[in-house]
Amino acid sequence: MTSLSLLLLILPFDGPAPGADDWKYDQVIRHKGPPLVGLVLEHNRTQVRIKCIRRKPGTPTLLFTDTIPREEILELRLLEEPDRKKLMERLEALRRDRELLSALTRALEPGEKPADLPADMLELEKTTWPGNEKLEALRYRSAHFELVAATRPEIVQLCALHLEQIYEAYGRMLPARVKDVPVTTILLPRSLGDYQAIAKSRGLNLLNSAFYDPDRNQVVCGSDLERLCDERDKVRQHHLRLRADIRGRRAELNKIYKGRTPVGLLAPLAEAEKRITLSEEKNGQLMVRSRERLFQRLYHEAFHAYLGTFVFPRRETEVPLWLNEGLAQVFETARVELGELRVGLPDPERLKAAQVALEKGELPSLRRLLRSGAKEFLVGHGSDRLTSDRTYLASWALTHYMAFERRQLSGTSLETYVRSLARETDPLDAFRSLCGEPLDDLERKFHRYIQKLRPDGRLATAEKLESR
């Protein structure tokens, strides 16, 4: 049998800077106003019709169609056929992904089912839960992962689609260097209780709701989404009965009073309907938050798996914890479209916390962060929480700065940095070589950047900064 180590094929590590947008567009140059960019749908002597495309960092792609009279156009710049074809394929893929995500999301709402899903996508296989042949499960196979879930099909499909998107985003930011390695198994238990039982059996911290087990190449993620779906279905049936009762009582009153029912008698019925609606809205918000938490956990832990399997295998080298956790946090709250990480907008909560920590002098220093290890990140008991939170926060802030402001966390520069650490180079010297400047100078720039950074991704002016 061929050993696993002989199957590792290391490829050159290079790629675009994080957040780089390589989309090319048709351009309509007008006499007045900014150019319109997108895909020209038709043009003649009287007008031009264009599907405008706006892609701002951290926000969904915005599409709308506009028609411009020819007399308002100074110049029409059309793409060459290969680029035009690629743009059309991207727009079609975007439409398809949005429809699919919408259908699968609706499937988690009362009474809805996904409709018209492509026959060749999200195909689920029936299987059994690992280690328990009596428990039925569903499996989805991909090029980088295998998802095994003991939950309802619509949850499995939605998770599979999100994972496909985020894995492609991983690859765009950090292209795979290793081929022919086993894919990561991602386990999604039915309940948080089942997840905690797995974590406990492996001697892991029950405070976390997901973990990556590098020895097994497994991600295990807990969620209460299945329970919420079950409860939502029960509540929905109850609300249907209540609404039917209210309609019956209103009809009875209208019959008795011949359509002139006193307002005082109808008011309690209207109030009951209002309470039902408010309850449904609250339940819907709980579902949304539960889905978001599930995807954040999957994005975070799956990144650890991708980095340690396809980019920098543990047997070859190991990425420093500050960077590993920093990148995982960047992906955790990322918006992904067509496998692209829509970057530029910092996580508002982390940004605010980092700015407050800087003001209070509580953000770990650059030197301390670069030398940090598992001790600073792990929470063994309650007294470790503060140190862990601050270290995670500093790792996110430095990673955001290095990746999106300095653009130094991609390509050969990152590989050189990681390999330098593998040779037991002092962490400070290795990072100094990556940055090309003294650490004190870089730390001042880093802190100033975080202080000036705004939730919309722009940097505050000196005047606005002083007023904060």
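Residues numbered from 1 in each chain as written. Predicted model: local features only at pLDDT ≥ 70, side-chain atom pairs only at ≥ 80, totals over all residues. Heavy atoms only, no water.

1. Here's the deal with the overall build of the protein chain
A tally of regular secondary structure across the protein chain gives 14 helices and 15 strands. Relative to its full complement of 468 residues, the protein chain shows a buried share of 43%. (Helix = DSSP H or I, 4+ residues; strand = E, 2+ residues; numbered from the N terminus. Buried < 20%, exposed > 50% of the residue type's maximum accessible area, 1.4 Å probe, protein only.)

2. Focus: the sheet that holds strand E7 (residues 125-129)
Spatially, the six strands line up as an open sheet ordered E7-E8-E9-E11-E13-E12, and their pairing is mixed. The strands lining the two open edges of the sheet, one partner per strand, are E7 and strand E12 (210-213). Across the sheet, the mean angle separating the axes of adjacent strands is 25 degrees when strand polarity is ignored. Strand direction decides the pairing type here: strand E9 (residues 145-149) and strand E11 (residues 184-188), joined by five bridges, are parallel. Paired with Glu146 across the two strands is Thr185, which belongs to E11. Contacting strand E8 (132-141), E9 and E11, helix H2 (residues 153-173) crosses the sheet at an angle of about 160 degrees to E9. (Pairing = 2+ DSSP bridges. Axes fitted to C-alpha atoms, helices over the stretch in contact; angles between N-to-C directions. Contact = heavy atoms within 4.5 Å.)

3. Things to note about the nonpolar core
Leu147, Tyr167, Leu398, Tyr417 and Phe431 are the most contacted members of the largest nonpolar core, which has 87 residues in total. If sequence neighbours within four positions are ignored, Tyr417 has contacts with Pro320, Trp322, Leu323, Leu370, Ala430, Phe431 and Leu434. (Core = buried A, V, L, I, M, F, W, Y, C linked by side-chain atoms within 4.5 Å.)

4. Overview of the pattern of salt bridges
Counted under the stated rule, the structure contains 38 salt bridges. Between Asp26 and Arg84 there is a salt bridge, and its shortest N-O distance comes to 2.8 Å. Of this pair, Asp26 sits in strand E2 (residues 26-30) while Arg84 sits in helix H1 (residues 81-106), and the two are 58 residues apart along the sequence. The structure contains a network of salt bridges with shared partners spanning Arg152, Glu154, Arg190, Glu226, Asp230, Arg232 and Asp233. (Salt bridge = Lys/Arg side-chain N within 4 Å of Asp/Glu carboxyl O.)

5. Details of the pairing of strand E3 (residues 36-43)
In this structure, E2 lies alongside E3, joined through three bridges in antiparallel fashion. Looking at the pairing, Gln27 lines up with Val37 of E3. Linking E2 back to E3 in an antiparallel pair, the connection comprises five residues, with Gly33 at a positive phi of about 90 degrees. Of the strand pairs in this sheet, E3 and strand E4 (residues 47-54) are connected by five bridges, and their pairing is antiparallel.

6. Section: the sheet that holds strand E6 (residues 73-77)
Pairing is antiparallel in the open sheet, where five strands are placed in the order E5-E4-E3-E2-E6. Two strands bound the open sheet, and with one partner strand each, they are strand E5 (62-69) and E6. Taking the axes of each pair of neighbouring strands and ignoring which way they run, one obtains an average angle of 40 degrees across the sheet. When E2 meets E6, the two strands line up antiparallel, connected through four bridges. Paired with Gln27 across the strands is Arg77, a residue of E6.

7. Some words on the packing of aromatic side chains
By the definition in use, this model includes 16 aromatic pairs. With centroids separated by 6.0 Å and ring planes inclined at 40 degrees, the aromatic side chains of Tyr140 and Phe145 adopt a geometry described as tilted. For Tyr140, a relative accessible area of 9% corresponds to the buried category. Centre to centre, the rings of Tyr170 and Phe303 are 5.5 Å apart; their planes meet at 70 degrees, and the pair counts as edge-to-face. Linking Tyr170 in helix H2 with Phe303 in helix H5 (residues 263-311), this pair joins segments that are 133 residues apart in sequence. One exposure class covers both Tyr170 and Phe303, and it is buried. A network of ring pairs unites the aromatic residues Tyr140, Phe145, Tyr167, Tyr170, Phe303, Tyr306, Phe310 and Phe331 as a single cluster. (Phe/Tyr/Trp six-rings, centres within 6.5 Å; stacked < 30°, edge-to-face > 60°.)

8. Points about the environment of Thr391
Within the secondary structure, Thr391 is located in helix H10 (residues 385-405). Residue classification places Thr391 among the buried positions, given a relative accessible area of 5%. Thr391 sits 19 residues away from Ser372 along the chain, and the two C-alpha atoms are 8.2 Å apart. Those residues within four positions of Thr391 in sequence are excluded, and the remaining contacts are Pro364, Leu369, Ser372, Glu376 and Phe377.

9. Let's talk about a nonpolar patch on the surface
Taken together, the side chains of Ile256, Tyr257 and Leu265 make up a nonpolar region of the molecular surface, amounting to roughly 270 Å² of accessible area. Mapped onto the fold, Leu265 is located in helix H5. (Patch = residues over 30% accessible without salt bridge, like charges linked within 9 Å, V, L, I, M, F, W, Y side chains within 5 Å. Areas by Shrake-Rupley, 256 points an atom, 1.4 Å probe, with all protein chains shown as cover.)

10. Notes on empty space enclosed by the protein
A complete count under the given rule lists one cavity of 30 Å³ or more for this structure. Counted by class, the lining of the largest cavity contains five nonpolar, two polar and two charged residues. (1 Å grid on protein atoms, 1.4 Å probe; cavity = no way out; pocket = protein on both sides within 12 Å on 5 of 7 lines; lining within 4 Å. Points joined across faces, edges and corners; volume = space filled by probe spheres on them. Nonpolar A, V, L, I, M, F, W, Y, C, P; charged D, E, K, R; others polar.)

11. Some words on unusual backbone geometry
Note on backbone geometry: most residues besides glycine have negative phi, and most peptide bonds are trans. A positive phi angle, close to 55 degrees, is found at Asn217, a residue other than glycine. Positionally, Asn217 belongs in the loop between E12 and strand E13 (218-221). With relative accessibility at 13%, the residue Asn217 sits in the buried group.

12. Brief notes about helix H3 (residues 192-201)
Buried within H3 we find Tyr195, Ile198 and Ala199. Along the axis of H3, the buried residues cluster in a sector spanning 100 degrees; they form a single face. More than 90 degrees from the buried face of H3, the exposed residues found are Lys200 and Ser201. One or two positions beyond H3, positive phi appears at Gly203, with a value near 70 degrees. (Arc of directions from axis to C-beta.)

13. Observations regarding the packing of helix H11 (residues 411-422) against helix H12 (residues 427-435)
Where H11 meets H12, the closest approach of the two axes is 9 Å, and the angle between their N-to-C directions is 165 degrees. For the element pair H11 / H12, the angle class is roughly antiparallel. Crossing handedness for the pair H11 and H12: right-handed. Of the residues in H12, those touching H11 at Ser413, Tyr417, Ser420 and Leu421 are Pro427, Ala430, Phe431 and Leu434. Here the contact of H11 with H12 is composed, by residue class, of six nonpolar, two polar and no charged. (Parallel < 35°, antiparallel > 145°, perpendicular 65-115°, else oblique. Left-handed = near helix turned anticlockwise from the far one by under 90°.)

14. Some words on the confidence of the model for the protein chain
For the protein chain, the mean per-residue pLDDT works out to 85, and 87% of the residues sit at or above 70. The secondary structure element of the protein chain with the lowest average pLDDT is helix H14 (residues 462-467), at 47, and the one with the highest is E11, at 97. The low-confidence segment residues 1-8, where pLDDT is below 50, has 10 contacts with residues more than four positions distant or belonging to other chains. Note that residues 110-115 has pLDDT below 50 and, in this model, 11 contacts with residues that lie over four places away or in other chains. (pLDDT = per-residue confidence, 0-100.)

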